[in-house]
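Structural overview
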Amino acid sequence: MKVVNRIKDSQEFQDVINTGNKIKFNSIRLFYKKNQLGRARVGISIPTKIGHAVKRNKIRRQIRAILHETLDLSLPYDLIFIPKLSYQTENFNETKQTIINLLEKVGQN
């Protein structure tokens, strides 16, 4: 994912989380907020309670790979994905379907 499509600043993360909308679905929470940039921006936050750095990085890589295939970057939204503690790295296809469902719900709003 290109740098212009990433949210990295902690202030922007907090803005989306505090003032945006939230959807919970299975093992992932999605916070989203409409932006004025005309393109999608994505942030992924993995709680340290999920596991050690290797596991958190694997989850981050999985989510990025799914988003690379499914996300329409022309949507004007800031999206923050936060996996729950129940997230399982072995269920890649289930996670992919979960993210697709979340993105469809954002598009309907």
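Structure shown above.
Residue numbers restart at each chain and count upward from 1, following the sequence in its written direction. Only residues with pLDDT of at least 70 get local features here, since the model is predicted, and only at 80 or more are side-chain atom pairs given and counted; chain-wide, interface and lining totals rely on the full set of residues. Values shown for side chains rest on all heavy atoms present in the structure; no hydrogens or waters enter the calculation.

1. So, the overall build of the protein chain
Strands are runs of DSSP state E lasting at least 2 residues, helices are runs of H or I lasting at least 4, and numbering of each runs from the N terminus. Within the protein chain, the regular secondary structure consists of three helices and four strands. Only C-alpha atoms enter the radius of gyration, while the globule expectation follows 2.2 Å times N to the 0.38, with N the number of residues. The C-alpha radius of gyration computed for the protein chain amounts to 13 Å, which stays within 12% of the reference 13 Å derived for 109 residues, consistent with globular compactness. With the C-alpha coordinates aligned to their principal axes, the bounding extent of the protein chain is approximately 35 × 25 × 25 Å. A burial count over the protein chain gives 37% of its 109 residues as buried. Note on contacts: a residue pair is in contact if any heavy atoms of the two residues lie within 4.5 Å. Counting contacts in the protein chain only where the partners sit at least 6 residues apart, residues at least 24 apart contribute 78% of the total. Of the roughly 6400 Å² of accessible surface on the protein chain, a fraction of 47% belongs to carbon and sulfur atoms. Charge assignment in this entry is limited to Lys and Arg as positive and Asp and Glu as negative, and neither His nor the chain termini are counted. To locate a charge, take atom NZ for lysine, CZ for arginine, CG for aspartate or CD for glutamate. Looking at the protein chain, you have 20 positive and 9 negative side-chain charges, and the mean spots of the two groups are 5 Å apart. Note on exposure labels: buried denotes an accessible area under 20% of the residue type's maximum, exposed denotes more than 50%, and partly exposed covers the range between, all computed with a 1.4 Å probe on protein chains only. The Shrake-Rupley method, run with a 1.4 Å probe sphere, supplies the accessible areas, and residue values consider only the shown protein chains as cover.

2. Let's talk about the packing of aromatic side chains
A ring pair, where both rings are aromatic, is described by two values, the distance of the centres and the angle of the planes. Pairing of aromatic rings covers Phe, Tyr and the six-membered ring of Trp, with a centre-to-centre limit of 6.5 Å; geometry is then stacked below 30 degrees between planes, edge-to-face above 60, and tilted otherwise. As enumerated under the stated definition, the model contains one aromatic pair in all. Judged by centre distance (5.9 Å) and plane angle (75 degrees), the ring pair of Tyr32 and Tyr77 falls under edge-to-face. Here Tyr32, found in strand β2 (residues 28–34), pairs with Tyr77, found in strand β4 (residues 77–83); they are 45 residues apart in sequence, far enough to count as distant. Tyr77 matches Tyr32 in its accessibility class, with the two residues each being buried.

3. Remarks on the environment of Asn5
In this fold, Asn5 is placed in the segment before α1 (10–19). Since its relative accessible area comes to 5%, Asn5 is described here as buried. Separated by 68 residues in sequence, Asn5 and Leu73 have C-alpha atoms that sit 7.7 Å apart. The contacts of Asn5, once residues within four sequence positions are left out, are Arg39, Ala40, Arg41, Val42 and Leu73.

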